[in-house]
Amino acid sequence: MVSPSTNAFTPDASPAEDPPRWRLKRRCALTPGQLLLSYAALVVFSAAIALPFGWHGLWLIPLWSLFEITVAGAMFIFYMVHAADGEQISFGPDGHLAIEVVRGLDTRHYRMNPAWAHLERGGARKERLWLCCSPLRVEVATQLAPGERQRVERELKRALAERRNGIAPNLNSVSSQR
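Read on for a plain summary of the structure. (Residues numbered from 1 in each chain as written. Predicted model: local features only at pLDDT ≥ 70, side-chain atom pairs only at ≥ 80, totals over all residues. Heavy atoms only, no water.)

1. Quick word on the pattern of salt bridges
And step 1. Across all of its chains, the model carries 8 salt bridges by this definition.
And step 2. Two residues, D106 and R108, come together in a salt bridge whose shortest N-O distance is 2.9 Å.
And step 3. Between R128 and E139 there is a salt bridge, and its shortest N-O distance comes to 2.8 Å. Taken together, the residues R128 in strand β6 (residues 128–133) and E139 in strand β7 (residues 136–140) connect sequence positions 11 residues apart.
And step 4. Residues participating in the shared-partner salt-bridge network are R121, E153 and K157. (Salt bridge = Lys/Arg side-chain N within 4 Å of Asp/Glu carboxyl O. Helix = DSSP H or I, 4+ residues; strand = E, 2+ residues; numbered from the N terminus.)

See the structure below:
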């Protein structure tokens, strides 16, 4: 069964029919609309408590409430910007391995030749996963739990091996776009 955070490779899909695709995204508890609603509720609740104190001359409480709402708003904006962080890995119609990496407001696109691409583990406990091709290294599965990361690693290795064995690539080695 496929978990909600990834669109996993199905072994019976042939490359000509439906190339495998992985969507490796962070699991978010709130949608942006729900987040804005919860922030609006926080603002209304804080204002309902702070304004009567300000009306009676205790201005320190509304100032603290304004500070609290500002800090919470900054954290909510950070959450919303990074809610879509993740990677999408797929095989393009021309046979290239296409990788899209989203980090905040920065989106990068990479293309690799699957005949030369391979996976590497890195980090102190080998918990990081890199797709490598010549000098290009792209960290993938950054938003997944260790068990899901291992499953995606197995699926990617299998798909790369199938592409290497089943398709004679006539592709350039590596290209990168911003």
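2. What to know about the nonpolar core
And step 1. With 23 residues, the main nonpolar core has W22, I89, L97, I99, M112, L131 and V138 as its most contacted residues.
And step 2. Sorting the residues of this core by element identifies β1 (21–25), β2 (86–91), β3 (97–103), β4 (106–112), β6, β7 and α3 (146–166) as the ones contributing at least two each.
And step 3. Leave out the neighbours within four places in its chain, and I89 touches P20, R21, W22, L24, L97, A98, I99, L131, V140 and L156. (Core = buried A, V, L, I, M, F, W, Y, C linked by side-chain atoms within 4.5 Å. Buried < 20%, exposed > 50% of the residue type's maximum accessible area, 1.4 Å probe, protein only. Contact = heavy atoms within 4.5 Å.)

3. Quick look at the pairing of strand β5 (residues 118–122)
And step 1. The sheet contact formed by β5 and β6 spans 5 bridges and is antiparallel. Paired with E120 across the bridge in β6 is W130.
And step 2. Taken together, β5 and the strand that follows it, β6, pair antiparallel across an intervening segment of 5 residues, in which G123 is found at a positive phi of about 95 degrees. (Pairing = 2+ DSSP bridges.)

4. Regarding the sheet that holds β5
And step 1. If you trace the 3 strands from one edge of the open sheet to the other, you get β5-β6-β7, paired in antiparallel fashion. Strands with a single pairing partner mark the edges of an open sheet, and in this sheet they are β5 and β7. Direction aside, the axes of adjacent strands within the sheet are offset by 35 degrees on average.
And step 2. Two strands pair when backbone bridges link them, and β6 and β7 are joined in this way by 5 bridges, in the antiparallel orientation. Following the sheet pairing, C132 is matched in β7 by R137.
And step 3. Against the sheet, α3 engages β5 and β6, with an angle of about 155 degrees to β5. (Axes fitted to C-alpha atoms, helices over the stretch in contact; angles between N-to-C directions.)

5. Topic: α3
And step 1. With 21 residues, α3 extends 30 Å from end C-alpha to end C-alpha; this agrees with the ideal 30 Å at 1.5 Å per step.
And step 2. Taken as a whole, α3 has its buried residues at E148, R149, R151, V152, E153, E155, L156, A159, L160 and R163.
And step 3. Check the buried side of α3 and you find it contacts β1, β2, β3, β5 and β6. (Expected span 1.5 Å × (residues − 1).)

6. Some details on the packing of helix α1 (residues 32–55) against helix α2 (residues 60–82)
And step 1. In contact at an axis separation of 9 Å, α1 and α2 are set at 175 degrees when each is read in the N-to-C sense. By the criterion of interaxial angle, the relationship of α1 to α2 is roughly antiparallel. Every residue of α2 that contacts α1 at L35, L36, S38, Y39, L42, V43, S46, A47, A50, F53 and G54 is listed here: I61, P62, S65, E68, I69, A72, G73, F76, Y79 and M80.
And step 2. Classifying every residue of the contact of α1 with α2 gives 15 nonpolar, 5 polar and 1 charged. (Parallel < 35°, antiparallel > 145°, perpendicular 65-115°, else oblique. Nonpolar A, V, L, I, M, F, W, Y, C, P; charged D, E, K, R; others polar.)

7. Some thoughts on α2
And step 1. With 23 residues, α2 extends 33 Å between its outermost C-alpha atoms, agreeing within 8% with the 33 Å of an ideal straight helix rising 1.5 Å per residue.
And step 2. Within the span of α2, buried status applies to P62, S65, I69, A72, G73 and H82.
And step 3. On the buried face of α2, the contacting elements are α1 and β3.

8. Quick word on the pairing of β6
And step 1. With respect to burial, β6 is a largely interior element, 5 of its 6 residues being buried.
And step 2. Counting the residues that bridge the hairpin from β6 to β7 gives 2 residues, and of these S134 lies at a positive phi of roughly 60 degrees.

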